[in-house]
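The chain contents come next:
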2 protein chains.
Amino acid sequence: MVFKEILRDVVESVDGGIGAVIMGYDGIPIDEYVKDVAPFDIQLLAVEYTSVLKEVRRTIELLNTGEMEEISIITGLSRVIARAINSEFFVVLVLDSDGNYGKGRYLLKRDVVKLRDELR
Amino acid sequence: MVFKEILRDVVESVDGGIGAVIMGYDGIPIDEYVKDVAPFDIQLLAVEYTSVLKEVRRTIELLNTGEMEEISIITGLSRVIARAINSEFFVVLVLDSDGNYGKGRYLLKRDVVKLRDELR
């Protein structure tokens, strides 16, 4: 299964899904699936969140609290869930503010295994 | 109700609760409640997460996705939920890796209103 199909399956299976991107920690996207009606610039969001994830990873290493698994950022207009794929890549799922956060987290956790296999 | 009582109520009401801290974005803690058995340095964690939250707030402002509400960071050994109180302060709840994340989120969202009133 190619990356875009996995991403589309996640985005289309969750209420409020807007888009999903596979990103490198170097800020370069690998692949993405974004709905036509996306109210944000999902690409820009993914690039900007790379800085956040790098800061989080640095903090977690400093604190010795284990490997980074998932980061969620909830704002007035969006619910963003990022999940580590491996040491080089992560996947970001963007939902609108009414999106099904629990299902989004579940689908991302389930499918990150497929992404890890594809990126091997 | 004083800060520490609100924090204790949250920490003791959620399975896997370790501690909670009210922090300023300037990195100075207001009050905290930490269990005796805490496996991490909760104070250090809260200070380090301040940098993360400032980076997240900067990113959110840039992306125009509304006010920051909640950030969750899940690692191999911990589940940390941070919630904005107002423009100056936030509260951090730390759970162990088996902690009840859903209940922790719920309690923090519920009690942040009390904290906001106390900090007025």
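Just so you know, these numbers come straight off a predicted model, no measurement behind them.

As a further point, take the packing of aromatic side chains. All names here are of chain A. Applying the stated criterion across every chain, the model contains 2 aromatic pairs over all chains. Aromatic side chains Y25 and F90 sit 5.1 Å apart centroid to centroid with 50° between the ring planes, which places their arrangement in the tilted category. Here the residue Y25 occupies a position in the loop between β1 (17–24) and β2 (29–34), and F90 occupies one in strand β5 (residues 89–96), the gap between them amounting to 65 residues. For F90, a relative accessible area of 0% corresponds to the buried category. The cationic tip of R57 hangs over the ring face of Y25; the distance from NZ or CZ to the ring centre is 3.7 Å.

The subject of this paragraph is unusual backbone geometry. Negative phi values dominate among residues other than glycine, just as trans dominates among peptide bonds. All names here are of chain A. A positive phi is found at N64, a non-glycine position, where the angle reads about 55°. By the element assignment, N64 lies in the loop between α2 (42–63) and β3 (68–75). Using a relative accessible area of 61% as the deciding quantity, one classes N64 as exposed.

All names here are of chain B. With 18 residues, helix α3 (residues 101–118) extends 25 Å between its outermost C-alpha atoms, agreeing within 8% with the 26 Å of an ideal straight helix rising 1.5 Å per residue. Largest kink in α3: about 30°, centred on D111. Among all positions in α3, only Y101, G104, L107, L108, D111, V112 and L115 are buried.

With that out of the way, let us pick up the packing of helix α1 (residues 3–13) of chain A against helix α3 (residues 101–118) of chain A. All names here are of chain A. It is at 10 Å that the axes of α1 and α3 come closest, and there the two elements cross at 175°. In this view, α1 runs roughly antiparallel relative to α3, as classed from their interaxial angle. Of the residues in α3, those touching α1 at F3, I6, D9, V10 and S13 are K103, L107, L108, R110, D111, K114, L115 and E118. Residue composition of the contact of α1 with α3, by class: 6 nonpolar, 1 polar and 6 charged.

Before going further, it helps to examine the relation of the copies chain A and chain B. Of the transformation superimposing chain A on chain B, the axial component is 0.0 Å and the angular component is 180°, with the fit at an RMSD of 0.0 Å. Taken together, the rotation and translation relating the two chain copies correspond to the operation of a two-fold axis. By C-alpha distance to the rotation axis, the residue of chain A lying nearest is S72 of chain A, at 2.5 Å. Most of the interface of chain A is mirrored in chain B: 100% of its interface residues are interface residues there too.

About the thresholds
- Residues numbered from 1 in each chain as written.
- Chains lettered and ligands numbered in written order.
- Predicted model: local features only at pLDDT ≥ 70, side-chain atom pairs only at ≥ 80, totals over all residues.
- Heavy atoms only, no water.
- Phe/Tyr/Trp six-rings, centres within 6.5 Å; stacked < 30°, edge-to-face > 60°.
- Helix = DSSP H or I, 4+ residues; strand = E, 2+ residues; numbered from the N terminus.
- Buried < 20%, exposed > 50% of the residue type's maximum accessible area, 1.4 Å probe, protein only.
- Lys NZ or Arg CZ within 6 Å of the ring centre and 35° of its normal.
- Expected span 1.5 Å × (residues − 1).
- Bend = angle between axes of the 7 residues up to and from the residue.
- Axes fitted to C-alpha atoms, helices over the stretch in contact; angles between N-to-C directions.
- Parallel < 35°, antiparallel > 145°, perpendicular 65-115°, else oblique.
- Contact = heavy atoms within 4.5 Å.
- Nonpolar A, V, L, I, M, F, W, Y, C, P; charged D, E, K, R; others polar.
- Least-squares fit on C-alpha atoms with pLDDT ≥ 70 in both.

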